[in-house]
Amino acid sequence: MVGAVLAIVGVVIVVRSLMRKFEENLRTGEMSPATRRVVAGLGVVGGVATGVVAAVSGLFVLLAAVQFDPGRAKGMDETLRSFAATPAGPVLLIAAAMGLLLFGLYSFCEARWRKAPEHGASAEQPAEAPGPEAHPSAP
């Protein structure tokens, strides 16, 4: 079950990254056009790389569960090592490493431009103007 959830989460991260959903949470109006393009590129490429690594890790866990072999379950480090064992290993490993690095850079950008609720405003209830019952002595 955990492997399936991790694989699905990885696919969702990839899809949301390609759709650039992360931009909804950024204050893009405060960025120059060039900065906006760089942050978008970092978010897309980094998000896709992170999602792929998560999905592959989930598939390894799922495979281990189906084959009743807990030794086949792999964490992120073993997943990246298994990339290196394929014929395109060095290229896959470099692509994954660069993608995860770009995701780290995007995370710094998100920390800088992430939308936050207004100071003092409640995210749960909108502020209401007091009605006449709030001031019973009013004429």
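Just so we're clear, the structure is a prediction, and the values are computed from it rather than from any experiment.

1. Overview of the packing of aromatic side chains
Scanning all chains against the criterion turns up two aromatic pairs. Look at F22 and Y106: their rings are 5.2 Å apart centre to centre, the planes differ by 70 degrees, and that puts the pair in the edge-to-face class. Of this pair, F22 sits in the loop between α1 (2-18) and α2 (33-66) while Y106 sits in helix α4 (residues 89-113), placing them 84 residues apart in sequence. Measuring from centroid to centroid gives 6.2 Å for F103 and Y106, while their planes differ by 40 degrees, and the two rings are tilted. Highlighted residues: F103 and Y106, both in helix α4, separated by three residues, approximately one helical turn. Its relative accessible area of 31% is what places F103 among the partly exposed residues. Members of the aromatic cluster, each reached through a chain of ring pairs, are F22, F103 and Y106.

Basis of the calculations
Residues numbered from 1 in each chain as written. Predicted model: local features only at pLDDT ≥ 70, side-chain atom pairs only at ≥ 80, totals over all residues. Heavy atoms only, no water. Phe/Tyr/Trp six-rings, centres within 6.5 Å; stacked < 30°, edge-to-face > 60°. Helix = DSSP H or I, 4+ residues; strand = E, 2+ residues; numbered from the N terminus. Buried < 20%, exposed > 50% of the residue type's maximum accessible area, 1.4 Å probe, protein only.

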